[in-house]
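# Summary of structural features
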Amino acid sequence: MRIPCPHCGVRDAQEFSYLGDACLQQRPILPAETPIDDAILDQWHAYVYLRDNPASDHRELWYHQGGCRQWLIVARNVRTHEINGPAVPASRMGRVP
Amino acid sequence: MTRTQPNRLDTGGLIDRAQPLLFKFDGRTYQGHQGDTLASALLANGVTLVGRSFKYHRPRGILTAGPEEPNAIVELRVGARREPNTRATTAELYDGLEARSQNRWPSLAFDMMGINNVLSPLLGAGFYYKTFMWPASFWEKVYEPLIRSAAGLGRGAGMDDPDSYEKSYAHCDVLVIGAGATGLMAALAAGRSGARVILADEDFIMGGRALAERREIDQLASVEWAGQIVAELAAMPEVRLMPRTTVFGVYDGGVHGALERVSDHVIQPPAHQPRQRTWRIMARRTVLSAGAIERPLVFGDNDRPGIMMAGGVRTYINRFAVSPGAHVVVFANNDEAVRTIGDITKAGGVVEAVVDPRGGASEFVRQAAENVGARLIEGVVTRAHGTRAVQAVDIESAAGRERIDCDLVALSGGWSPTVHLTSHLGAKPVWNEKLAAFTPGQPPTGMTVAGAANGTFALAECLSTGAAAGLDAASACGFRRAQIEVPDADPESTASSPLWRVKSARGKSFIDLQNDVTTDDVQQARQEGFTRVEHLKRYTTLGMATDQGKTANVNGLALMAEMSAKSIAETGTTVFRPPYTPVAIGALAGAHRGREFRATRTSPAHAWAKAQGASFIEAGVWLRASYFPREGEKDWFDATCREVRAVRTGVGICDVSTLGKIDLQGADAARFLDLVYANTFSTLGLGRARYGLMLREDGFVMDDGTTSRLGPDHFLMTTTTANAGKVMQHLEFCHQVLFPNLDVQMISVSDAWAQFSIAGPKSRDVLARVVDRQHDISNAAFPYMAAARMTALGGTPARLFRISFSGELAYEIAVPARFGVALGAALMEAGRDFGITPYGLEALNVMRIEKGHVTGAELNGQTTARDLGLGKMQSTKKDYIGRILKERAGLIDPARPTLVGVKPLERMARLRAGAHFVRRDAPASAEHDQGWLTSAAFSPALDSWIGLGMLSHGPDRHGEIIRAVDPLRGGDTLVEVCAPVFVDPEGVRLRG
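This structure is a prediction, so every number in the text was calculated from the model and none was measured.

## Quick word on the overall build of chain B
The helix and strand tally for chain B stands at 22 helices and 49 strands. Projected onto its principal axes, the C-alpha positions of chain B cover 115 × 70 × 60 Å. Among the 992 residues that make up chain B, the fraction classed as buried is 54%. Partitioning the contacts of chain B with sequence separation of at least 6, the portion at a separation of at least 24 is 67%.

## Remarks on the overall build of chain A
Tallying secondary structure elements over chain A gives one helix and six strands in all. Element order for chain A, N to C, with α for helix and β for strand: β-β-β-α-β-β-β. Taken over the C-alpha atoms alone, chain A extends approximately 45 × 30 × 20 Å along its principal axes. Burial status across chain A gives 20% buried among its 97 residues. The long-range share in chain A, meaning contacts at least 24 apart out of those at least 6 apart in sequence, stands at 52%.

## A few points about the interface of chain A and chain B
The interface of chain A with chain B comprises 26 residues on the first partner and 25 residues on the second. If you list the elements that add at least two residues to the side of chain A that touches chain B, you get helix 1 (38-49) and strand 4 (57-63) of chain A. If one sorts the elements of the side of chain A that touches chain B by residue count, helix 1 of chain A sits on top with four residues. Residue composition of the side of chain A that touches chain B, by class: 15 nonpolar, seven polar and four charged.

## Some points on the sheet that holds strand 20 (residues 376-385) of chain B
Strands in a sheet are paired, the pairing made by backbone hydrogen bonds, and the direction either parallel or antiparallel. Residues and elements named next belong to chain B. The strand order across the open sheet formed by seven strands is 17-23-18-19-20-21-22, and the pairing between neighbours is mixed. Strands at the two margins of the open sheet, each flanked by one partner only, are strand 17 (307-309) and strand 22 (400-405). The mean inter-strand angle of the sheet, taken between neighbouring strand axes irrespective of direction, is 35°.

## Examining helix 12 (residues 533-540) of chain B
By the burial criterion, the buried members of helix 12 of chain B are Val-533, Leu-536, Lys-537, Tyr-539 and Thr-540 of chain B. Within two residues after helix 12 of chain B, Thr-541 of chain B carries a phi angle of roughly 70°, on the positive side.

## Observations concerning the packing of helix 5 (residues 181-192) of chain B against helix 6 (residues 222-235) of chain B
Residues and elements named next belong to chain B. Where helix 5 contacts helix 6, the axes come no closer than 10 Å and their chain directions differ by 30°. In this structure, helix 5 crosses over helix 6, and the sense of that crossing is left-handed. Residue-level contacts link Leu-184, Ala-187, Leu-188 and Gly-191 of helix 5 to Ala-226, Ile-229, Val-230, Glu-232 and Leu-233 of helix 6. Across the contact of helix 5 with helix 6, the residue classes break down as seven nonpolar, one polar and one charged.

## Points about helix 19 (residues 724-738) of chain B
Given a rise of 1.5 Å per residue, 15 residues ought to cover 21 Å, and the 20 Å separating the end C-alpha atoms of helix 19 of chain B matches this to within 8%. Counting buried residues in helix 19 of chain B gives 12 out of 15 residues, a clear majority hidden from the surface.

## Topic: the confidence of the model for chain A
Averaged over chain A, the pLDDT score is 91; the fraction of residues at 70 or greater is 95%. Per-element averaging of pLDDT across chain A places strand 6 (residues 88-89) of chain A at the bottom with 90 and helix 1 of chain A at the top with 96.

## Examining the nonpolar core
Formed by 164 residues in total, the largest nonpolar core has its most connected members in Val-174, Val-330, Val-354 and Val-409 of chain B. Excluding residues within four positions of it along the chain, Val-354 of chain B makes contact with Val-330, Ile-341, Val-365, Ala-369, Ala-374, Arg-375, Leu-376 and Ile-377 of chain B.

## Concerning unusual backbone geometry
Residue and element names in this part refer to chain B. At the junction of Pro-578 and Pro-579, the peptide bond is cis and its omega measures out at -5° in the coordinates. Looking at the element boundaries, Pro-579 is found in the loop between helix 14 (568-571) and helix 15 (585-589). A positive phi angle is found at Ala-565, which is not glycine, with a value near 55°. Residue position: Ala-565 is located in the loop between helix 13 (553-564) and helix 14. A positive phi is found at Met-785, a non-glycine position, where the angle reads about 70°. Secondary-structure assignment places Met-785 in the loop between helix 20 (763-768) and strand 40 (787-792).

## Let's talk about the sheet that holds strand 30 (residues 601-602) of chain B
All names here are of chain B. Strand order in the open sheet formed by three strands is 30-32-31, and the pairing between neighbours is mixed. Each edge of the open sheet is held by one strand with a lone partner, namely strand 30 and strand 31 (615-619). Relative to strand 32 (residues 622-627), strand 31 is paired through five bridges, and the arrangement is antiparallel. Considered in strand 32, the bridge of Ala-619 is made with Trp-622. The strands that helix 22 (residues 841-851) touches are strand 31 and strand 32; relative to strand 32, the one it contacts most, it runs at about 70°.

## Examining the packing of helix 7 (residues 310-318) of chain B against helix 8 (residues 339-346) of chain B
All names here are of chain B. Contact geometry for helix 7 and helix 8: axes closest at 10 Å, N-to-C directions at 35°. The way helix 7 lies across helix 8 gives a crossing that is left-handed. In contact with Ala-310, Val-313, Arg-314, Ile-317 and Asn-318 of helix 7, helix 8 contributes Arg-339, Thr-340, Asp-343 and Ile-344. Partitioning the contact of helix 7 with helix 8 into residue classes produces four nonpolar, two polar and three charged.

## Considerations on the environment of Arg-27 of chain A
When you line up the elements, Arg-27 of chain A lands in the loop between strand 3 (17-21) and helix 1. Classification of Arg-27 of chain A by C-beta neighbours within 10 Å gives buried; the count is 20. Distance from Arg-27 of chain A to Val-10 of chain A, taken between C-alpha atoms, is 29 Å for residues 17 residues apart in sequence. If near-sequence neighbours (up to four positions away) are discounted, Arg-27 of chain A is found in contact with Tyr-47 of chain A together with Leu-738 of chain B.

## Side note on the pairing of strand 47 (residues 944-952) of chain B
All names here are of chain B. Most of strand 47 is tucked away: seven of the nine residues are buried. In terms of strand pairing, strand 46 (residues 931-939) meets strand 47 through eight bridges, oriented antiparallel. Pairing of Leu-933 across the sheet is with Gly-949, part of strand 47. Between strand 46 and the antiparallel strand that follows it, strand 47, lie four residues; Asp-943 among them carries a positive phi value of about 55°.

Reading guide: rules and limits
Residues numbered from 1 in each chain as written. Chains lettered and ligands numbered in written order. Predicted model: local features only at pLDDT ≥ 70, side-chain atom pairs only at ≥ 80, totals over all residues. Helix = DSSP H or I, 4+ residues; strand = E, 2+ residues; numbered from the N terminus. Buried ≥ 20, exposed ≤ 12 C-beta atoms within 10 Å, placed from the backbone. Contact = placed C-beta atoms within 7 Å. Nonpolar A, V, L, I, M, F, W, Y, C, P; charged D, E, K, R; others polar. Pairing = 2+ DSSP bridges. Axes fitted to C-alpha atoms, helices over the stretch in contact; angles between N-to-C directions. Left-handed = near helix turned anticlockwise from the far one by under 90°. Expected span 1.5 Å × (residues − 1). pLDDT = per-residue confidence, 0-100. Core = buried A, V, L, I, M, F, W, Y, C linked by C-beta atoms within 7 Å.

Below, the structure is given as structure tokens:
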């Protein structure tokens, strides 16, 4: 498989390491003072463990370890392995903690 | 003794008669020519019996002239270069080649295991599954060795392969797979359009069936036409011809795996050349022009040597100038095979009969038979006679049954497009009823299929579809289509109508020759309920082994369909997976074997450790000093104890350069560290170091290390050696994905610095002689957990940290990597008066166990900070990775195994990591398991074995006696639970 890195061009997937669903980016924001209750644990459990498993397009995180060291968001069809559009640096789409 | 070549024709063929080559088969010497394959050379010499079959050990000959060969598989070469299961039909002949037949004992002509043929009624489908079931105890000792000795094909060399292999990469616009008429046109069209083209073909001469047939293209003999096109392609600067290269796999995104046989056609690889090279070819567009494979016809004893595919017969006659038989019966269900009639006659053979099963032979066949005066029989061959060679066939027709003597049967059951590569990414081939063949389903993105591989069998169409595919591919890559004239081809008929088996056959009718699967086996599998094609394959082994059923699959499916009263389309086909033909593991491994299996990393001070006589050990990717043996020491144990004592009483140095080091800078660097560490770093003072604990988001500990503040916005993090890469990736993730608004930059400087630990009561005295004079390292000026940039060795930039893993007064000093060896030497010199002692990983480990410091054995990804007794380090005043989920009920359960120390009651009783804890009075069984021993060492300080472990309710059980049970190695030791710090629990020494 080949991944279109926005910095390095189309590169072999061996240069990248895979992390998983790009929803990991949506880390819940929780002030330090908030007491941890079951609802919060459930929310975080969902964030860390629960994933959709679509048999189609999937937004996912790839790290270009053997290249520019950027974390990228790649839109990949997990049935065909086709990658739709160039990968986008995750940092461009991040949130303020 | 050299033999002549009785079956060699005087003229024609692509062989060099001026270049005789000597080769050996089963110890006998024969002569062939440059341009031969092993198979063609054997046939030229009249050798038709070349192997024994897999299961019944039946005599087998050469069926085909290509990579689909199921029978003629031999051991090639001798000694360490011996390679089993190679196809004689593709093995290029060279002077000095040695080959042996397989699967026979004591000899090919007389084979003891031929008894299996007599026993064959007992050896049907599923025989192994049913027979070797009981008694279970027989399996390992009796059945398996028996099966192993009886089954299998060739023998491995059993020695290290003396040759080398390599991997290589290539990029192109258009990859054309297969250089027959279609592929040549495709490459020509793409090449003339200006595309960068790779044309790969498994054969050593390009041209495919254009070399094997007497056809006319543009008023030229097809073989000459092919030669001209190849010459034109070779002259194009952007076209790369790759003969002897099999594209064996198609992968995502236009990636192709290919095997180039660089040196298989010479007696041994030339200097600096590999035997084979594995290519990864990246292509923007691919044209698959892999041709088609001819199907055998299924009748009684259709496996006898001398029964050959009609296309193969034509190849041997036209390309290799070999007459494979003098008295020939042609048995074919299609018009194309009748070319064989003319070719045989031209080669001096006599066509005894043309058997056409279609119930009305075409005018085309009638004419061809008439032209040579051959009898045309509308009927079927029901059985072959002869054992080691075919002698006659029984033919059944409306006129009744008759027997015709012959020494060659040329068979054709029609052609199956070589669709394998189209389905490597999951698309199933689709059944085309009109062609009676599977044609490509949806090919992978970027691939077009042309010519016979697409079911377009007529030469004229091969040429036109090839050209169109080449132009389209180039155009899709942005090149302007070249003007190209599609050449004419002589007229032909490709009419065919399927005959899946001869129903009135007598004797064993083989479907899969390589695996000895007969029509009876398929019927039996069906009766036993194995009706799905995937089940049929596994149960009968139809389509398995080295040829993967290239000639067998479709006939097998058709029979299954017939028995199930279903269409072939409904029956479906099994999936083709890479590789298309066998690929040696060595070729896939390339240079990565033995010592080069993976990179060996050495510390920048490696030469220093070597000079000190270190014994090295592989630790993860690193080669590290394990201990430094001295004369008179029995083993590692003596050396380690000495090194530990030296550190605890004097001073020792240890190379710790392999630790991960990450430099972090930026206005938000401190905030960032607060987010990635469980404890707080924003409060860390300038010039101070702090132990940090990093969690994963799921609440478990990920890594630990010390991080120092070298400037207001400048930190230096250390990680464990093993996790250096993982932590770097994690930090990048946290920054780029989670907290991209933070102003922080980071880079791994692991390889930039050489770092030594100097430990022991005398360490400051030694260090004072190494760091430059202007730096005050007194206890007051440079206290415990101080960190500073300074210079050493007379002006060399250095970083000094007062941190201790051993529990002694200790420092770590880092210098730029290129000064690593010099620093080691300088420290040894400076410490000479103090008896300075280099120590290795073993001593380091003993001392950290004595101090209860955790390493990979405890930080195993399943332990929380609480489990490790480090719960109080976790901040309650800030957000950080892992903060929330570490509070899950299961992770704060006090019954969780928690870090303790253990001491055996008998101090010399050896403890081993991996032992499990049970209560003193409890049986050693899984339900009484209370934890496990993570680390163990002999402590010279305590003169006793000690250990660290994880024990349920651990901290409440200090003083309790429990068992450490190690059933794997026979250990069962009573140990006392204690605090996990054995030496200097108050930490006085490291502050001294």
